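Descriptive structure summary
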Amino acid sequence: NYYGILDQAGSPSHYYRSPLWYAWKMMQKMGGMTPGAPMLRVVVEGPINAATDHKTGVSSPWMEAYAVGDDDAFQILLINRSFDPHEVNVSMPRQDPRQKTFKATRYVFSKDRVAPFIGSPAGANYDGYFRGGPEDDTQTTCLDPVDAPPLTVQGETLLLTGLVCPPISLTVLRFEGQ
């Protein structure tokens, strides 16, 4: 169960899990992002980062979406790259049109659901630490379900509308057939 990105506290042999460790764990365990996982089609409608703000002159979405899974269970990962919360609509073609109902569960990795980083005072010879570190209990909130957002089916498409994603966050929507 190694998700990488550890930090050191105290002695050279004392390591603990940083918040990014939990983001990787959430992506793999709740989000299904594992080697060889089948990718699925998903569409997210949200705000665009205007091309005028970039040297390349290419518009890019503030929200990015990925989906993995199969007919019976699948996950959608939403990444909010902006410093603002954004409301999005998510649509996904059903893998098996005979499957009538799904239950959705939402998990969120954001600054409010992990231990905050406490910077070092001026002149200190260390970078800072995560509040509560090296204990892990302050970090695990992001692994707890947030809610079960309402899901509608429109023909062959599953829809989630008005879903708010916090700033600089990863949201995992886990769907299971009923």
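Here the structure is a predicted model, which means the values were calculated and not measured. (Residues numbered from 1 in each chain as written. Predicted model: local features only at pLDDT ≥ 70, side-chain atom pairs only at ≥ 80, totals over all residues. Heavy atoms only, no water.)

When its secondary structure is counted, the chain shows one helix and 15 strands. When the accessible surface of the chain is summed, it comes to about 10,200 Å², and 53% of that surface belongs to carbon and sulfur atoms. (Helix = DSSP H or I, 4+ residues; strand = E, 2+ residues; numbered from the N terminus. Areas by Shrake-Rupley, 256 points an atom, 1.4 Å probe, with all protein chains shown as cover.)

A few words on the nonpolar core. Core analysis: the biggest nonpolar cluster contains 19 residues, and I76, L78 and F175 have the highest contact counts within it. For this core, the element with the most residues is strand β14 (residues 157-165), which contributes four residues. (Core = buried A, V, L, I, M, F, W, Y, C linked by side-chain atoms within 4.5 Å. Buried < 20%, exposed > 50% of the residue type's maximum accessible area, 1.4 Å probe, protein only.)

Turning our attention to the pairing of strand β9 (residues 86-93). Sheet analysis places strand β4 (residues 43-45) next to β9, joined by three bridges and oriented antiparallel. Of the residues in β9, the one forming a bridge with V43 is S91. (Pairing = 2+ DSSP bridges.)

One open sheet holds the five strands; their spatial order is β3-β7-β8-β15-β10, and the pairing between them is antiparallel. Strands at the two margins of the open sheet, each flanked by one partner only, are β3 (39-40) and β10 (102-109). Here β3 runs beside strand β7 (residues 63-69); their pairing, made up of two bridges, is antiparallel. Looking across to β7, one finds that L40 is bridged to A67.

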